Amino acid sequence: MKIIVLVKHVPDAQFDRHLTGEANTVDRSESILSELDEYALEAALQLIEARGGEAAGNKVIALSMGPAGAVNAVKKSLQIGATEGVHLSDEALAGSDAAATSLALAAAIRHLGADTPADLILTGMASTDGETSLVPAQLAERLGLPQVTFAASLELDGGKLTARRDGDTHADTIEAELPAVVSVTDQINDPRYPNFKGIMAAKKKTITTLSLADIGVDPAHVGTSGSWTVVETAEARPPRTAGTIITDDGDAGIQLVEFLAAQKLL
Amino acid sequence: MAKVLVFIDNPGQALKKSSLELLTIARSLGETVAAVNGELHDAAAAALAAYGAEALYVPSAADLDAYLVGPKAAFLAAAVDAAGADVVMAENSAEGKEIAARLGIRLGAGVITDVVAVDADGTAHKSVLAGSYTTTAKATTPVSVLTVKSNSITPEPAASATAPESVTVQLPADATAASARVTARNEKPASGRPDLAEARIVVAGGRGVDGNFGPLEELADALGAAIGASRAATDAGWIGHDAQVGQTGKTVSPQLYISAGISGAIQQKAGMQTAKVIVAVNKDAESPIFEIADFGIVGDLFQVLPQATAEIKKRKG
Ligand SMILES: Cc1cc2nc3c(=O)[nH]c(=O)nc-3n(C[C@H](O)[C@H](O)[C@H](O)COP(=O)(O)OP(=O)(O)OC[C@H]3O[C@@H](n4cnc5c(N)ncnc54)[C@H](O)[C@@H]3O)c2cc1C
């Protein structure tokens with residue numbers, strides 16, 4: 001089977017993150033493979049391993065769209081175990097919103113499936129920078145495929161997939177026919193780390209770079225010109241500062257209530 | 001003047017507060033109509049009239065809940081066409097955002113999520129990067145789709161009630177073709193506490209509760225609060241995953257967030273740092289949660305919380 005996993009190179013959330021430039025886009029200088037995409041990658045690897053792995057003709061293609069640095073997310077995916085890497089990179093993509101991103105990714109997925117269409121497109125539940133969760137659903141709409149989002153478990157039986165999804169008021173079992181677009185949560189598995197063998201093996205794997213011309217997308221349909229939303233203003237929120245800290249000497253519960261009363265929160 | 005279509009999915013017996021908020025914001029933008037999926041009970045219909053809906057669009061099929069998202073987006077796209085709406089508003093839940101996502105592609109419309117306020121000209125306000133920036137954004141397309149966070153506005157009925165007429169919207173023939181099906185649904189028992197995403201006060205526990213959410217539940221009940229949790233607590237199985245606050249759980253913005261036995265990892269902070277007031281109770285004075293707490297108590301939650309609960313009960317008589 002052929003699985004395409006979407007991986008994004010995002011600013012490391014452990015550090016302060018910034019918006020830059022006129023279009024208020026995210027500064028990507030200190031970036032890493034989005035940790036939520038590691039769950040999608042792990043899910044893909046488990047699926048192909050259960051089917052005899054690469055030796056049996058199965059493939060996991062890690063696909064990342066982004067500027068030059070985004071190739072690092074692809075490299076990391078290869079170290080973790082993806083079989084091939086694809087980097088979709090084009091100046092014209094800068095500043096793409098979810099609609100423009102899903103347009104470019106849908107074209108890339110069609111391009112990669114020209115000979116054998118992918119059986120499954122796997123993504124994380126959200127990017128850790130944009131945090132919109134829009135892209136998987138928009139991709140499914142553009143590709144005319146069923147979407148199964150926020151999967152907390154995933155099983156394949158022939159051409160049918162079954163997933164569990166945990167909502168607020170109910171937990172659902174979902175079924176869809178392949179091919180499908182599936183986003184997975186951080187509940188689905190424990191992602192593996194790249195080991196020495198994986199890092200060495202990754203050096204021999206191919207990374208294909210694709211431009212918009214390669215996938216037949218008009219540059220006017222992506223980037224800031226092709227986006228359907230604009231960020232007009234952005235203001236950094238003043239960081240929170242520590243307030244009063246007390247050590248419990250036996251009456252902290254009462255002091256807490258006094259604080260709440262003073263704040264009119266009771 | 002804009003025409004705004006508010007999506008109300010399964011209104012239930014009465015409209016949820018978040019639906020009333022959407023209708024209130026919609027009226028500030030222009031003529032308001034509603035698209036309703038699911039059974040419409042009398043009380044919900046009365047609320048739609050009281051909140052000024054000029055018309056109700058309902059789908060020609062009753063089984064949209066048997067599928068994931070796709071057919072609901074198809075219904076809404078048809079409702080937008082029928083109503084001639086310029087703005088669509090939906091809930092900011094996971095499902096609300098996905099419906100908005102697919103609807104955006106169907107209509108060629110820009111989608112803005114996590115909205116907390118909308119200006120009369122359609123400019124949306126939201127915060128990004130885990131609450132570290134506040135931004136304004138706008139759709140550049142003729143139709144815009146907004147998902148609005150609950151607790152963004154105080155709901156207000158319209159000056160005069162309407163008598164909305166119901167219009168059936170024909171679903172396109174292929175609406176369910178490429179959709180995943182919901183084959184089983186397990187309802188979770190209701191806690192009787194406020195909904196976490198909408199609650200004014202949240203009492204959240206982490207690994208420090210050591211399997212015992214009892215003292216948190218008692219404090220929550222004294223305060224009329226919802227219960228939240230860190231991932232360590234949900235992963236341990238002490239409480240359901242739907243209680244998780246954070247990057248991969250819920251984002252909450254209550255008036256008051258009481259964090260007990262939670263260290264305050266970056267992924268936890270991502271879900272709660274826009275709370276108005278943060279209180280932290282933690283044994284370890286070095287915990288990062290104290291960096292953002294308005295009132296921090298270095299102490300044992302099993303001592304501090306029951307004492308606070310008793311004091312609140314005493315004061316309330
Ligand atoms: C991809 C990813 C996504 C994640 N998403 C989330 C998320 O959405 N939400 C989330 O919360 N986490 C998330 N995490 C996990 C996060 O990194 C932390 O591991 C988690 O928040 C820690 O939970 P905790 O604070 O309860 O536990 P700990 O870090 O173990 O902290 C427990 C705290 O309890 C205190 N304590 C112990 N006993 C007591 C007592 N009797 N009284 C008072 N204090 C006591 C200790 O001093 C300690 O500070 C995510 C991690 C990853 C990798």
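Thresholds, definitions, all that
Residues numbered from 1 in each chain as written. Chains lettered and ligands numbered in written order. Predicted model: local features only at pLDDT ≥ 70, side-chain atom pairs only at ≥ 80, totals over all residues. Heavy atoms only, no water. Helix = DSSP H or I, 4+ residues; strand = E, 2+ residues; numbered from the N terminus. Buried < 20%, exposed > 50% of the residue type's maximum accessible area, 1.4 Å probe, protein only. Areas by Shrake-Rupley, 256 points an atom, 1.4 Å probe, with all protein chains shown as cover. Pairing = 2+ DSSP bridges. Axes fitted to C-alpha atoms, helices over the stretch in contact; angles between N-to-C directions. Core = buried A, V, L, I, M, F, W, Y, C linked by side-chain atoms within 4.5 Å. Contact = heavy atoms within 4.5 Å. Near = heavy atom within 4 Å. Polar contact = N/O pair within 3.5 Å; in protein donor to acceptor, adjacent residues only side chain to side chain. Buried area = accessible area lost by both parts, 1.4 Å probe. Salt bridge = Lys/Arg side-chain N within 4 Å of Asp/Glu carboxyl O. Nonpolar A, V, L, I, M, F, W, Y, C, P; charged D, E, K, R; others polar. Patch = residues over 30% accessible without salt bridge, like charges linked within 9 Å, V, L, I, M, F, W, Y side chains within 5 Å. Right-handed = clockwise from strand over helix to strand, strands pointing away. Parallel < 35°, antiparallel > 145°, perpendicular 65-115°, else oblique. Left-handed = near helix turned anticlockwise from the far one by under 90°.

Chemist: Even after reading the chapter, I still don't get the overall build of chain A, so can you show me in this structure?
Modeler: Scanning chain A from N- to C-terminus turns up eight helices and 16 strands. Across its three principal axes, chain A shows a C-alpha extent of roughly 70 × 45 × 40 Å. Each of the 266 residues in chain A was classed as buried or not, and the buried ones make up 52%. By element, 50% of the accessible surface of chain A is carried by carbon and sulfur atoms, the whole surface being about 11700 Å².

Chemist: I tried to follow the environment of Pro 179 of chain A on my own but got confused; where do I start?
Modeler: You can see Pro 179 of chain A is positioned in the loop between strand E12 (170-177) and strand E13 (180-184). With 60 residues separating them in the primary sequence, Pro 179 of chain A and Asp 119 of chain A have C-alpha atoms 4.5 Å apart.

Chemist: Hey, could you run me through the sheet that holds strand E10 (residues 153-157) of chain A in this one?
Modeler: To summarise the sheet geometry, strands pair through backbone hydrogen bonds and adopt either a parallel or an antiparallel arrangement. With antiparallel pairing, four strands are arranged side by side in an open sheet as E10(A)-E11(A)-E12(A)-E10(B). Of all the strands in the sheet, just E10 of chain A together with strand E10 (181-187) of chain B have a single pairing partner and so form its edges. Taken pair by pair, the neighbouring strands of this sheet meet at an average axis angle of 15°, ignoring direction.

Chemist: Mind showing me how you'd approach the nonpolar core here?
Modeler: Looking at soluble globular proteins, one finds that nonpolar side chains tend to be buried together. Among the nonpolar cores identified, the biggest contains 73 residues, and Val 5, Leu 122, Val 148, Leu 161 and Val 182 of chain A together with Leu 5 and Tyr 57 of chain B are the most heavily contacted of them. Among residues more than four places away in sequence, those in contact with Leu 122 of chain A are Ile 3, Ile 4, Val 5, Leu 6, Ala 40, Ala 43, Ala 44, Leu 154, Val 182 and Val 184 of chain A. Core analysis: the second largest hydrophobic core is formed by 35 residues, Leu 260 of chain A together with Leu 223, Ile 227 and Ala 233 of chain B among them.

Chemist: What exactly am I supposed to notice about the site of the ligand here?
Modeler: Lining the immediate environment of the ligand, one finds 30 residues, of which Arg 207, Ser 230, Ser 263, Gln 267 and Asn 282 of chain B sit closest. Around the ligand the close residues trace back to chains A and B. In this structure, an oxygen atom belonging to the ligand sits 3.1 Å away from a main-chain N or O atom of Gln 247 of chain B. Contact distances for the ligand include 3.0 Å between a nitrogen atom and a side-chain N or O atom of Asp 300 of chain B. In the complex, 81% of the free accessible area of the ligand, which totals 1000 Å², lies under the protein chains.

Chemist: Hey, could you run me through the interface of chain B and chain A in this one?
Modeler: For an interface, size is often stated in terms of accessible area lost upon the parts coming together. The interface of chain B with chain A comprises 84 residues on the first partner and 79 residues on the second. Of the roughly 7200 Å² buried between chain B and chain A on both sides combined, carbon and sulfur atoms contribute 54%. Where chain B packs against chain A, one counts eleven salt bridges. For Asp 294 of chain B, the salt bridge is made with Arg 240 of chain A, and the minimal N-O distance between the two is 3.0 Å. Where chain B touches chain A, the interface holds 41 residue pairs in polar contact (both at pLDDT 80 or more). The greatest single-element share of the side of chain B that touches chain A, amounting to nine residues, is contributed by helix H4 (residues 94-107) of chain B. In the side of chain B that touches chain A, the residues fall into 35 nonpolar, 28 polar and 21 charged.

Chemist: Any chance you could explain the sheet that holds strand E7 (residues 84-88) of chain A here in plain terms?
Modeler: Residue and element names in this part refer to chain A. Ordered by their spatial adjacency, seven strands build an open sheet running E9-E13-E8-E1-E6-E7-E14, and the pairing between neighbours is parallel. Edge positions in the sheet fall to strand E9 (147-151) and strand E14 (207-210), since each has one partner strand and no second. Across this sheet, the average inter-strand angle for adjacent strands is 20°, counted without regard to direction. Both strand E1 (residues 2-6) and strand E6 (residues 59-65) contribute to a ladder of five bridges, which runs parallel. What sits directly across from Lys 2, in E6, is Lys 59. Packing against the sheet, helix H2 (residues 71-80) makes contact with E6, E7 and E14, and its axis sits at approximately 170° to E7.

Chemist: Looking at this structure, I do not really get a nonpolar patch on the surface. What am I missing?
Modeler: Where nonpolar side chains cluster on the molecular surface, the patch consists of Phe 196, Ile 199 and Met 200 of chain A and spans about 300 Å² of accessible area. With respect to the helices and strands, the residue Phe 196 of chain A is situated in helix H5 (residues 196-202).

Chemist: Even after reading the chapter, I still don't get the pairing of strand E1 (residues 2-9) of chain B, so can you show me in this structure?
Modeler: Every regular strand shows the same layout, with side chains that alternate between the two sheet faces. All names here are of chain B. Among the eight residues in E1, six count as buried, and that is most of the element. In the sheet, E1 pairs with strand E2 (residues 30-37) via eight bridges, with the strands oriented parallel. Residue pairing in the sheet places Ala 2 in a bridge with Gly 30 of E2. Each parallel crossover has a hand, and the one from E1 via helix H1 (residues 17-29) to E2 is right-handed. Summarising the sheet, E1 and strand E4 (residues 87-91) pair through three bridges and their orientation is parallel. Directly across from Val 4, in E4, lies its bridge partner Val 87.

Chemist: Explain the packing of helix H3 (residues 98-112) of chain A against helix H4 (residues 134-143) of chain A to me, please; I cannot follow it from the model alone.
Modeler: For any two helices packed against each other, the geometry comes down to the angle between their axes and how far apart the axes lie. Residue and element names in this part refer to chain A. Across the interface, H3 lies against H4 with an axial gap of 9 Å and an inter-helix angle of 55°. Taken together, the axes of H3 and H4 lie oblique to each other. In this structure, H3 crosses over H4, and the sense of that crossing is right-handed. When H3 is examined against H4, the residues Ala 98, Ala 99, Thr 101, Ser 102, Leu 103, Leu 105, Ala 106, Ile 109 and Arg 110 are found in contact with a partner set consisting of Leu 134, Val 135, Gln 138, Leu 139, Arg 142 and Leu 143. Partitioning the contact of H3 with H4 into residue classes produces ten nonpolar, three polar and two charged.

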